[in-house]
Amino acid sequence: MRFGHKTGSVTEELALVSPSKLAIDKVSKSFHSRAGTVLALDRVSLNVAEAEFVCIVGASGCGKSTLLNIIAGLEKPDSGTVLADGKPVTAPGRERLVMFQEPALFPWLDVLGNVLFPLKLKPNLTKKDRRDVAKYYLELVELTRFERANIHELSGGMKQRVALARALAPNPRVLLMDEPFAALDALTREQLYGDLQRIWKSRRKTIVFVTHNVREAVCLGDRVLLFSPHPGRVQEEFIIELPRPRDLNSVELATYASRITHALKSGAQSEAATAK
């Protein structure tokens, strides 16, 4: 951080916090409508270690985002439990922050203002402290030069960088990412894969990342969990033993992606055969 002397509050705020471990046990969730009841998740169980990067892959509608919302405390399961560091997750909390596919930035605030926004909930910080913390995270996502830019002036990739800085600013223990790069072009996505790996390594967050892009999952994850379609269950687990930073176009990464894609297609075919 290049902002001269930091106060004790800022130093404390930027300190590395212990990342959380997650335990999901037999979580089920159904949605009810006039058309009937849809079982989105069926007895899903999984553990996420401290500072682990876990990617969840599956077809559209397999319950990936529903599980993420339950971990965040935005939805409640019908049955089963979610524990963060041994404590039940029953509501949203600043220890677990979500980054969505859409940046959801405030258009009336500039870049710096958007990153400052969640820091207003930190009463121990002065106005200057908050600015220093926000500037630190803008530097981390390489947007220092654009701190006074309006949101409509940014590219899609830059908007997601702002959203990432805003999610990191309150210093959460868990970062939950719901297809945050899905709407971006291929070149921008690849650049952000490198940025996210660098930030994850430096800030030591537990990350659960939802995607339907198999190569993306292999590029980012320590583990890739393949979800079955309708209802969502953990169908298979893949340990990704590749050095970081990872090259999206490497032969080794493609080999992992091919295995996962084959398993994904096999699961879809089995589901189709069962439905007949």
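Can you lay out the sheet that holds strand β1 (residues 22-33) for me, pointing to particular residues and giving the numbers?
Spatially, four strands are ordered β2-β1-β4-β5 in an open sheet, and the strand pairing comes out antiparallel. Each edge of the sheet is formed by a strand with only one pairing partner; in this case those strands are β2 (36-48) and β5 (87-88). Where β1 meets β2, nine bridges bridge the pair, whose relative direction is antiparallel. From the neighbouring strand, I24 faces β2, where its bridge partner is L46. Sitting on the sheet, helix α2 (residues 64-72) is in contact with β1, β2 and β4 (79-84), with an inclination near 120° to β1.

Account for the layout of surface pockets, with residues named and values stated.
The calculated volume of the largest pocket comes to roughly 390 Å³. Forming the boundary of the largest pocket are 17 residues, of which L97, P118, R166, A167 and P170 lie nearest the centre. Taken together, the elements giving at least two residues each to the lining of the largest pocket come down to β6 (96-99) and α5 (156-168). Looking at the lining of the largest pocket residue by residue, the classes come out as 13 nonpolar, no polar and four charged. Its residues placed into classes, the lining of the second largest pocket shows three nonpolar, two polar and six charged.

Any chance you could break down helix α4 (residues 127-140) for me, citing the residues and the numbers?
Each full turn of the α-helix corresponds to 3.6 residues, which orients residues three or four apart in the same direction. End to end, α4 covers 20 Å across 14 residues, agreeing with the expected 20 Å (1.5 Å per residue, within 8%). Most of α4 sits out of view: ten of its 14 residues are buried. Three or more residues of α4 are buried, namely D129, R130, D132, V133, A134, K135, Y136, Y137, L138 and L140. Two residues or fewer past α4, E142 is found with a positive phi of approximately 60°.

Which residues make up the environment of A49, and what values do they have?
Examined against the element boundaries, A49 turns out to sit in the loop between β2 and β3 (53-57). A49 gets classed as partly exposed once you look at its relative accessible area, which sits at 41%. With 51 residues separating them along the chain, A49 and F100 place their C-alpha atoms 22 Å apart.

Tell me about the packing of aromatic side chains, and please be specific about residues and values.
This model, assessed by the stated rule, comprises seven aromatic pairs. Judged by centre distance (6.2 Å) and plane angle (40°), the rings of F53 and F209 are tilted. Pair noted here: F53 is in strand β3 and F209 is in strand β8 (residues 206-211), with a separation of 156 residues, a long-range link. What makes F53 buried here is its relative accessible area of 0%. Three or more aromatic residues joined by ring pairs form one cluster here, namely F53, F181, Y193, W200 and F209. Over the aromatic face of F106 sits the side chain of R166, whose NZ or CZ is 5.5 Å from the ring centroid.

Conventions adopted
Numbers given for residues are sequential positions, taken from 1 along each chain in its written order. A pLDDT threshold of at least 70 governs which residues receive local features in this predicted model, and a stricter bar of 80 or more applies before side-chain atom pairs are shown or counted, although totals over entire chains, interfaces and linings include all residues. As a convention, hydrogens and water are excluded, and side-chain values are obtained from all of the structure's heavy atoms. We treat two strands as partners when DSSP finds at least two bridges between them. A run of H or I in DSSP counts as a helix once it spans at least four residues, and a run of E counts as a strand once it spans at least two, with each numbered from the N terminus. Here, two residues are considered to be in contact whenever any of their heavy atoms come within 4.5 Å of each other. All axes are obtained by fitting lines to C-alpha atoms, using only the stretch in contact for helices, and the reported angles, taken between N-to-C directions, cover 0 to 180 degrees. A cavity here means a set of 1 Å grid points, computed over protein atoms only, where a 1.4 Å probe fits but cannot escape. A pocket is an open set with protein on both sides within 12 Å along at least 5 of 7 lines, and lining residues have an atom within 4 Å of a point. Grid points are joined across faces, edges and corners, and a volume is the space filled by probe spheres set on the points. Here the term charged refers only to Asp, Glu, Lys and Arg, the term nonpolar to Ala, Val, Leu, Ile, Met, Phe, Trp, Tyr, Cys and Pro, and the term polar to all other amino acids, Gly among them. Working rule for helices: expected span equals 1.5 Å times residues minus one. Here the term buried applies to any residue with accessible area under 20% of the maximum for its type, exposed to any over 50%, and partly exposed to those in between, with areas from a 1.4 Å probe on protein chains only. Under the pairing criterion, centres of Phe, Tyr and Trp rings, with the six-membered ring standing for Trp, must be within 6.5 Å; the plane angle then separates stacked pairs below 30 degrees from edge-to-face pairs above 60, leaving the rest tilted. When the NZ atom of lysine or the CZ atom of arginine is within 6 Å of a ring's centre and also within 35 degrees of its normal, the charge is said to sit over that ring.

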